[in-house]
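What follows is each chain in one-letter form.
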Amino acid sequence: MGEAGILSREEALRFESPQWKHACHVLFYAPCHGRLFGKFPLRYAVLMQMRFDGRLGFPGGFVDPEDVSLEEGLSRELQEELGPGAALLQVTKQDHLSAYTSEKPRRVVAHFYIKQLTLEELQTLEEKATQAKDHGLEVMGLLRVPLYILQDGVGGLPTFLTNSFIGNAREQLIHSLDTLQLVPREQLQKAVNMAQKRP
Ligand code: GTP
Ligand code: MN
Ligand code: MN
Ligand code: MN
Ligand code: MN
Ligand code: MN
């Protein structure tokens, strides 16, 4: 086991269904050059979604009994939530980053995957997302996470982090931005601290 409470895929699979429900979500990201207002580097496009409950989260969902594996379940959820663009992408075991368990309101093992795409692949996902079965239902829209901090010190990532997130999606996002080095650590720390001051 790595960090406290964070499980590997294998460790997490010891929490057996039906006592435990497993869910899989994924962070898609792509290198993205270009600067906002010709000034603030965008660095990467990181995809999240506005959920039906008004919270931000990652695409994915519960693995159902019919799904033969975690990744098959994730693939089905991605097609439901992101539409035909998701069929072009394969998220595999190797993309599994971490899993964590929670008991309230029910027993859930939340698996988290990360996958790097080309900007073209990510744009295709975005373009086709309105064709998804769950568009306008479970998913109110895809969005990109602002990774920069504007001159006022709060605009951009700090303000984004003050949104409501589902489950531990906020921690998953921050941890990924750090481990994948999508945001320099010092800036990430600044954004997290600033977000805490402005709830
Ligand atoms: P239904 O088909 O309506 O059941 O939705 P779903 O299968 O798409 O499930 P959903 O993605 O809403 O959530 C599955 C479980 O994971 C729930 O316990 C959520 O609270 C939790 N969850 C949803 N999104 C995220 C996320 O981005 N990160 C984490 N850690 N948990 C999430
Ligand atoms: Mn404008
Ligand atoms: Mn779903
Ligand atoms: Mn979902
Ligand atoms: Mn589902
Ligand atoms: Mn559903």
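This text goes with the structure placed above it.
Source: prediction; values computed, not measured.

A. Structural detail: the coordination of the manganese ion (ligand 3). The coordination sphere of the manganese ion (ligand 3), as far as protein atoms go, consists of Glu77 (OE), Glu81 (OE) and Glu138 (OE), spread over 2.1 to 2.3 Å. Within one chain, the residues serving as donors to the manganese ion (ligand 3) are arranged as E-x3-E-x56-E. Between the two metals, the manganese ion (ligand 3) and the manganese ion (ligand 4), the spacing is 3.4 Å, and Glu81 donates to both. On the criterion of sequence distance, the pair formed by Glu77 in helix H2 (residues 70-82) and Glu138 in the loop between helix H3 (119-128) and strand S9 (139-144) is long-range, its members being 61 residues apart.

B. Inspection of the pattern of salt bridges at higher detail. The final tally for this structure, using the stated rule, is twelve salt bridges. A salt bridge links Glu77 to Arg76, with the nearest nitrogen and oxygen atoms 3.2 Å apart. On the basis of relative accessible area, Glu77 is assigned to the buried category, the value being 8%. Given a relative accessible area of 22%, Arg76 falls into the partly exposed group. One salt-bridge network, in which partners are shared between bridges, spans Asp64, Asp67, Arg76, Glu77 and Glu80.

C. Summary view of the site of ligand 1. Near ligand 1 there are 18 residues, and of these His25, Phe58, Glu81, Asn168 and Gln172 occur at the shortest range. Between ligand 1 and the protein, one listed contact pairs an oxygen atom with a backbone N or O atom of Phe58 at 2.8 Å. One of the side-chain nitrogen or oxygen atoms of Gln172 is found 2.8 Å away from a nitrogen atom of ligand 1. In the complex, 78% of the free accessible area of ligand 1, which totals 640 Å², lies under the protein chains. When residues of the shell around ligand 1 are assigned to their parent elements, the largest contribution, three residues, is made by strand S6 (residues 60-62). Class assignment for the residues of the shell around ligand 1 results in eight nonpolar, six polar and four charged.

D. Spotlight on the packing of aromatic side chains. Summed over all chains, the structure comprises five aromatic pairs. Summarising the aromatic geometry, the rings of Phe40 and Tyr148 are spaced 6.3 Å apart at their centres and angled 35° between planes, so their arrangement reads as tilted. Pair noted here: Phe40 is in strand S3 (residues 40-41) and Tyr148 is in the loop between S9 and helix H4 (157-160), with a separation of 108 residues, a long-range link. Of the residues examined, Tyr148 reaches a relative accessible area of 15% and is grouped as buried. Ring geometry for Phe160 against Phe165: centres 5.8 Å apart, planes inclined by 75°, an arrangement best described as edge-to-face. No difference in accessibility class separates Phe160 from Phe165, as the two residues are buried. For Lys21, the ring lying beneath its charged end belongs to Phe62, and the centroid distance is 4.2 Å.

E. Summary view of the pairing of strand S4 (residues 44-51). Most of S4 sits out of view: six of its eight residues are buried. Pairing geometry for strand S1 (residues 21-31) and S4, over three bridges, is antiparallel. Counted as the bridge partner of Ala30 is Ala45 from S4. Here S4 runs beside S9; their pairing, made up of five bridges, is antiparallel. By the bridge assignment for S9, Leu47 is matched with Arg144. Where S4 lies against strand S5 (residues 56-57), two bridges are found, and the strand directions are antiparallel. Within S5, the residue paired with Met50 across the bridge is Leu56. Adjacent in sequence and paired antiparallel, S4 and S5 are bridged by four residues, among which Gly54 carries a positive phi angle near 85°.

Rules used throughout
Residues numbered from 1 in each chain as written. Chains lettered and ligands numbered in written order. Predicted model: local features only at pLDDT ≥ 70, side-chain atom pairs only at ≥ 80, totals over all residues. Heavy atoms only, no water. Donors = N, O, S within 2.8 Å, 3.2 Å for Na, K, Ca; no water. Helix = DSSP H or I, 4+ residues; strand = E, 2+ residues; numbered from the N terminus. Salt bridge = Lys/Arg side-chain N within 4 Å of Asp/Glu carboxyl O. Buried < 20%, exposed > 50% of the residue type's maximum accessible area, 1.4 Å probe, protein only. Near = heavy atom within 4 Å. Polar contact = N/O pair within 3.5 Å; in protein donor to acceptor, adjacent residues only side chain to side chain. Areas by Shrake-Rupley, 256 points an atom, 1.4 Å probe, with all protein chains shown as cover. Nonpolar A, V, L, I, M, F, W, Y, C, P; charged D, E, K, R; others polar. Phe/Tyr/Trp six-rings, centres within 6.5 Å; stacked < 30°, edge-to-face > 60°. Lys NZ or Arg CZ within 6 Å of the ring centre and 35° of its normal. Pairing = 2+ DSSP bridges.

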